[in-house]
Each structure stands twice: as C-alpha cells, then as structure tokens.
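Per-entry structural report
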Amino acid sequence: MSNNRVSRRQFLGYTLTGVGGFMAAGMLMPMVRFAVDPVLQQKGAGDYVLTDQAVADITEEPVRVDFTFEQVDAWYTSEVTNSAWVYKEGDKLVALSPVCKHLGCTVNWGGDPEQPTQFFCPCHAGRYEKNGQNIAGTPPLGPLDEYDVQEQDGFVAIGQVKPNTLV
Amino acid sequence: MHFNSKDIDLYASQKDYVDTAVVPLIELDLTASGMKASAGASEYLQSLTVILEKQFKGRILLLPPISYVRAADRTELGGQLKKELSETGFKHIFYLTTDPKWRSVDDLDNVLWLPAIPTGDMDQSFKKSVMEDQLRQVLPLFTKEWTHHS
Ligand code: FES
C-alpha cells in the first residue's frame, strides 16, 4: 500500500490535469456540436412528405400538388409550402419541380393558351415539354428538376428534388 | 427576388430580365386600439408579397416594406420613392398597400390597393387558400402590365 502512495505533487498533478481536461472538454464540446449538429440534423435521403392528393385521381394530365414541411433555417423554423406537377406515365408517377430553370419563377401547365400541352413560365415566356425538357429558343437552359415520388397508402408522397431523369 | 445580398448579385447580372420592382407600403398605427389591426394588415401584405415573389421570382425584385407613421405625408413619401426608383433600371414599378390613403395620391402609377384580410387568426390551411385567392387577383395585373408595356 505504502509503495503506491500518491505524493502531494502527483495528487495535485492528477487533479489539475483532470480539472483542466474537464474545462477543455466543456469548452470544446459545444464547438464540436456546433460543427457537427447541422450535419446530423440533415434529413435523410429517404424522407417523403405525404400530400393529400389521392394517387387514383392522378391522370396523364399534370396537376399541381402542394406539400408542406418544416424548414430549419439558420435562425428559425418556418413552414414552407412547395408544389410539384404530378402526372402518370403509364403506371409510374412523375413529379416535376415548378421552378423555372431560367430565373426561378413558377411554371404552369398549359399556362400559355396556345401551348396547352406544355409548361409555361409567365416571366419571360419560357416553355417546357411535359417531361420537363426545355424548349429551345425560350430562355431556360435546362430541363425542369424532378422530385422523388411514391405512393403511400393511396396518396402521393413527395421526396427529394433531383436533376431531371426523363429527358 | 428578395432584397438580400445573394439575390441582388443575381439581379445585378440579370437586370434585363428582372425589370419590375414591388414596393410594399405599410402604415404603422401604434395606438392601443389600432395596433392589432395594423399588425394584421402588415402580416397580410407581407404574406401576399412573399407568395407573389415566389411566383414571379425571376422578374420582380421585392423591396422590404416601406413603413411609415399615420401622420406621414403620403404624397411626399411617394414622390421620394418614385424619384429613388426612377434612378434604377426598372421598367415597371408596383406599389402594394392596404392603406386607403394612397388612393388619393395621384402621381404614383400602379398602386395596388387591397383591403386587408385578417388572416392572423385563421388556421394554416384556410389561410393558405385565402392568400392564394388574393394572389390570383393580383397576378393578372402584373401579366397585363407586362404584355402592354414591354
Ligand atoms: S424565369 Fe422562367 S423564363 Fe425567365
């Protein structure tokens, strides 16, 4: 026992290292959390937002489907409502983003009476085919983005946005 | 586009396309009896301009709301705004307000006056449909202006 006695110097050394360690950890942990938290909080790729649009009512004609989710911004959480143009291609559901690839206005299906089977952007008359392909000669330089979409209990569920895979 | 530094960068490089400014005008009434209605009107107008911006992001620049006290001289304020905006490249300028006093200011064009709807106490989905209804009234005024003067 006496061989293992801790000398005063050692005792103080241990204690100070211990306390110092705690203090350092106390300071570092929040920093690490700050850095890591946003990463941990990101929504997984498998997140779908359920809408109140029944899949059975979807036809080959695109309809606007709204979906609302909570968006955590740097400072506050807000409810955001986005929409998608959803239609059936055979049995498959297709959901396109309504955000014009020119400067971001919202496009409408058949918004130009002369082109009832195209998406139309009211801002600078951009046009897109039903599959989102931008029409040459109009301002947009790329196709409309696409959403992951699936059926959940008979209703449309919208997932992550991704580059168009149809054109 | 919004009046923030990121959107302004984009605006600066795309001025030819972003040719319309939207200016919300909001009266501040801070009296005990008027405050709630004033806040409601401000909330309404700001929600409306936000969904308007979403619709026409690529063509309009939404300025932050110009707020002024009840006693403010609308004619003078209007003149100052008009002057400041005339020094920009905007081809179209819309003023949106729920304040009836702007209706008697003649030298501002395109003042869209809307009666404020107290949406603050409505539940989310009802509020959304009301606001969309309101938006549908406003959109054609923009597209009409664009097709007639471009
Ligand atoms: S934003 Fe759609 S055509 Fe310009």
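Definitions and limits used
- Residues numbered from 1 in each chain as written.
- Chains lettered and ligands numbered in written order.
- Predicted model: local features only at pLDDT ≥ 70, side-chain atom pairs only at ≥ 80, totals over all residues.
- Heavy atoms only, no water.
- Pairing = 2+ DSSP bridges.
- Helix = DSSP H or I, 4+ residues; strand = E, 2+ residues; numbered from the N terminus.
- Axes fitted to C-alpha atoms, helices over the stretch in contact; angles between N-to-C directions.
- Core = buried A, V, L, I, M, F, W, Y, C linked by side-chain atoms within 4.5 Å.
- Buried < 20%, exposed > 50% of the residue type's maximum accessible area, 1.4 Å probe, protein only.
- Contact = heavy atoms within 4.5 Å.
- Disulfide = S-S within 2.5 Å.
- UniProt positions renumbered as here; feature names shortened; annotations may be inferred.
- Buried area = accessible area lost by both parts, 1.4 Å probe.
- Salt bridge = Lys/Arg side-chain N within 4 Å of Asp/Glu carboxyl O.
- Polar contact = N/O pair within 3.5 Å; in protein donor to acceptor, adjacent residues only side chain to side chain.

**Quick word on the sheet that holds strand β8 (residues 146–152) of chain A**
All names here are of chain A. Judged by pairing direction, the sheet is antiparallel, and its six strands sit side by side in the order β1-β9-β8-β4-β3-β2 without closing on themselves. The sheet is open, and its two edges are formed by β1 (49–54) and β2 (63–72), each paired on a single side. Taken pair by pair, the neighbouring strands of this sheet meet at an average axis angle of 40°, ignoring direction. Where strand β4 (residues 92–96) meets β8, two bridges bridge the pair, whose relative direction is antiparallel. Bridge pairing links L96 to E146 in β8.

**Considerations on the nonpolar core**
V107 and F119 of chain A together with L48, L52, F56, L96 and F142 of chain B are the most contacted members of the largest nonpolar core, which totals 32 residues. Every element with two or more residues in this core is listed here: β3 (77–89), β4 and β6 (119–121) of chain A together with β1 (20–28), α2 (35–55), β2 (60–62), β4 (92–97) and α4 (124–148) of chain B. The dominant element in this core, judged by the number of residues it contributes, is α4 of chain B, at six residues. The residues contacting L96 of chain B, other than those within four sequence positions of it, are V22, V23, P24, L25, L45, L48, T49, L52, L112, L114 and F142 of chain B.

**Looking at the state of the cysteines**
Residue and element names in this part refer to chain A. Per the stated rule, a full pass over the model turns up one disulfide over all chains. Two residues, C105 and C123, share a disulfide whose sulfurs are 2.1 Å apart. Around the S-S axis, the bridge from C105 to C123 shows a dihedral of about -90° and counts as left-handed. One end of the pair, C105, is in the loop between β4 and β5 (108–109); the other, C123, is in the loop between β6 and β7 (126–128), and 18 residues separate them in sequence. Owing to a relative accessible area of 1%, C105 belongs among the buried residues under this scheme. On the basis of relative accessible area, C123 is assigned to the buried category, the value being 3%.

**Re the side chain of N82 of chain A**
Position of N82 of chain A among the secondary structure elements: in strand β3. When residues no more than four places from it in sequence are discounted, the contact partners of N82 of chain A are V65, D66, F67, F69 and Y147 of chain A together with K54 of chain B.

**A few points about the environment of I26 of chain B**
Residue and element names in this part refer to chain B. Tracing the sequence through the fold places I26 in strand β1. Note on I26: relative accessible area 6%, which makes it buried. I26 sits 42 residues away from Y68 along the chain, and the two C-alpha atoms are 6.6 Å apart. Apart from residues lying up to four places away in sequence, I26 is in contact with S42, L45, Q46, P65, I66, S67 and Y68.

**Points about the UniProt feature "domain: Rieske" (unreviewed entry) in chain A**
Mapped onto this numbering, the UniProt entry annotates "domain: Rieske" (unreviewed entry) at residues 84–158 of chain A. Here residues 84–158 of chain A runs as 0% helix and 40% strand, with 8 Å between its end C-alpha atoms.

**Regarding the interface of chain B and chain A**
For interface size, the figure often reported is the accessible area lost on association. Facing the 15 residues of chain B at the interface are 15 residues of chain A. Here chain B meets chain A over a buried area of about 1100 Å², counting both sides, of which 52% is carbon and sulfur. If you sort the residues of chain B by the area they bury against chain A, Y17, K54 and Q55 of chain B come out on top, with a joint share of 40%. Summed over the shared surface of chain B and chain A, the result is two salt bridges. Put simply, E132 of chain B and R64 of chain A hold a salt bridge, and the shortest N to O gap is 2.9 Å. Viewed at the interface, chain A and chain B are joined by eight residue pairs in polar contact (both at pLDDT 80 or more). Elements that contribute at least two residues to the side of chain B that touches chain A include exactly α2 and α4 of chain B.

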